[in-house]
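The primary structure of each chain is shown beneath.
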Amino acid sequence: MPLTRQQIKDIKERSSLDRLDRGNAVYTYIGKSDEIAYVLHSQRPDRSFWIRYEDEKEVIEKYTVVLGAVKVEHKNQKFTLQAGETLDASQYDELITIYSESGAEILVETTESVFESRFSDIEMIQKEAEEIEKIDGYTYQHCSRIKEYSIELWKKLDQPIDRATMLIWGAYFHDIGKLSVPLDILNKAGKLTPGEWELMKAHTTNGADMMCNHEIAWLREAAFIVEQHHERYDGKGYPFGLKEEELSLEAYIIAVVDSFDAMTTNRPYRDALTVDQAIEEIIKGRGSQFHPQVVDAFLQLLHDQQFKWR
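Please read these numbers as outputs of a predicted model, since none were measured by experiment.

(A) Fine view of the packing of aromatic side chains. Taken as a whole, this structure holds seven aromatic pairs when the rule is applied. With a centroid separation of 5.6 Å and 55° between ring planes, the pair formed by tryptophan 169 and tryptophan 218 is classed as tilted. Of this pair, tryptophan 169 sits in helix α4 (residues 164-172) while tryptophan 218 is found in the loop between α7 (203-212) and α8 (223-228), placing the two residues 49 residues apart along the sequence. For tryptophan 218, a relative accessible area of 37% puts it in the partly exposed group. Here the aromatic rings of tyrosine 172 and phenylalanine 173 are separated by 5.4 Å at their centres, their planes lie at 85°, and the arrangement is edge-to-face.

Structure, rendered in C-alpha cells:
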C-alpha cells in the first residue's frame, strides 16, 4: 500500500480518522483490508520509538518508510532505512530502536485484531497523559522524553529486554499521582509549607495505587516504579526512605532522567538550567541522590548523543 505525498497530506487532513499524539509521533489510522490494519506513523524530528515483536502467533508487523529516512538499532547493529524500504519486525528477536533526525512518515501494517487492542489501550493511556499535562504544566512530551531516555539508559546498562515494556510505562506514568495533588500546590511559585510538601510527596504512593488498580492489566506491573521514583541512593528520599539495593534499577533510571529533564525545563518556581548546569547537578548527586552506575551510564549516553537533550 504505497503512499504519495498528496495521499499523506489528504490522510492528515481528514478529521474523521482516528488519530493519537504520543509525543514522539502522531498515529493516524488509515483503514483495513484482508484483516490487516494500516496506520500512518508521523515521526517527529529528533525522537525515537521502539519495536518489540513478542507474539508467537505469526502476527504481521511491518514498517515502511514513505518519506524521509530513519536510523535503526538492533543489538549492536545500526543501519538506515530509506524511503521505500521496509522493516519486518518478526525478523528481529530483541528490542529495535528507530530514530529520526529530521522526521519521517512511516506506513505501519499490522494484524487488525492486534492493532485494535493496542489502539484502544493506547487511546486510554493518552487521555490520562493529557490529564497529567493539564494539571502539572508539563506537556505530555515530557512523559514521552522520560520514556525515551529511560529505555535508552536501560539498553546502555545492558539490562534484560523482557523487562523493557514495564520500564517504558513506569516511566511514562511516573507522575500520574499528581492527579491527586491540588493545583495550587502543584503550581505554587514559592516554597511549599510542611503540610503542602506532605501532600506533594504523596503523589508517589497515590500514583502507585492508581497503577495497581488500573483498568489496563499490563500497566499494573509498573506500580512499584511509580512508587519508588523519588527515593534516593542514600536513603533520604520518599516515600519510604529506601536505599541502595532496596530500590529497583528502573526507579534509579527514572530518577536521573526525570531530574535532568525537570532541571532543563521552565517551571513555575524557577527558570530552566542549561544542559551543562544540569549535568553538573547530576554529577553532584552521584552516590547520594543517584545511583553511581546509572549516572555514569547516563553521562555516557549524553556524550554519545553529543550532549543534545532531545
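Text resumes after the structure shown.
(B) Quick peek at the pairing of strand β4 (residues 47-51). Burial runs high along β4: five of the five residues are buried. Side chains Arg47, Phe49 and Ile51 of β4 all project onto a buried face; the interleaved residues Ser48 and Trp50 project onto the opposite face, where all are buried too.

(C) View of the pattern of salt bridges. Taken as a whole and assessed by the stated rule, the structure comprises 14 salt bridges. Between arginine 47 and glutamate 148 there is a salt bridge; the shortest N-O distance is 2.8 Å. Placement of the pair is arginine 47 in strand β4 and glutamate 148 in helix α3 (residues 140-156), with a sequence separation of 101 residues. No difference in accessibility class separates arginine 47 from glutamate 148, as the two residues are buried. Close ionic contact of glutamate 196 with lysine 188 constitutes a salt bridge, the shortest N to O distance being 2.7 Å. Exposure remark for glutamate 196: the relative accessible area of 19% places this residue in the buried category. Residue lysine 188 is classed as partly exposed on the basis of its relative accessible area of 25%. Connected via shared salt-bridge partners are Glu73, Glu152 and Lys155.

(D) Looking closely at α4. Here α4 lies mainly inside the structure; seven of its nine residues are buried. Listed in full, the buried residues belonging to α4 are Ala164, Leu167, Ile168, Trp169, Gly170, Ala171 and Tyr172.

(E) Representation of unusual backbone geometry in the model. Tyrosine 238 connects to proline 239 through a cis peptide bond whose omega is 15°. Structurally, proline 239 can be placed in the loop between α8 and α9 (249-263). Although it is not a glycine, aspartate 46 sits at a positive phi angle of roughly 55°. Here aspartate 46 is to be found in the loop between β3 (36-43) and β4.

(F) Here's a closer look at α9. The end-to-end C-alpha separation of α9 is 21 Å, in line with the 21 Å expected for 15 residues at 1.5 Å each. For α9, the tally of buried residues reaches 14 of 15 residues, placing the bulk of the element in the interior.

The rules we used
- Residues numbered from 1 in each chain as written.
- Predicted model: local features only at pLDDT ≥ 70, side-chain atom pairs only at ≥ 80, totals over all residues.
- Heavy atoms only, no water.
- Phe/Tyr/Trp six-rings, centres within 6.5 Å; stacked < 30°, edge-to-face > 60°.
- Helix = DSSP H or I, 4+ residues; strand = E, 2+ residues; numbered from the N terminus.
- Buried < 20%, exposed > 50% of the residue type's maximum accessible area, 1.4 Å probe, protein only.
- Salt bridge = Lys/Arg side-chain N within 4 Å of Asp/Glu carboxyl O.
- Expected span 1.5 Å × (residues − 1).

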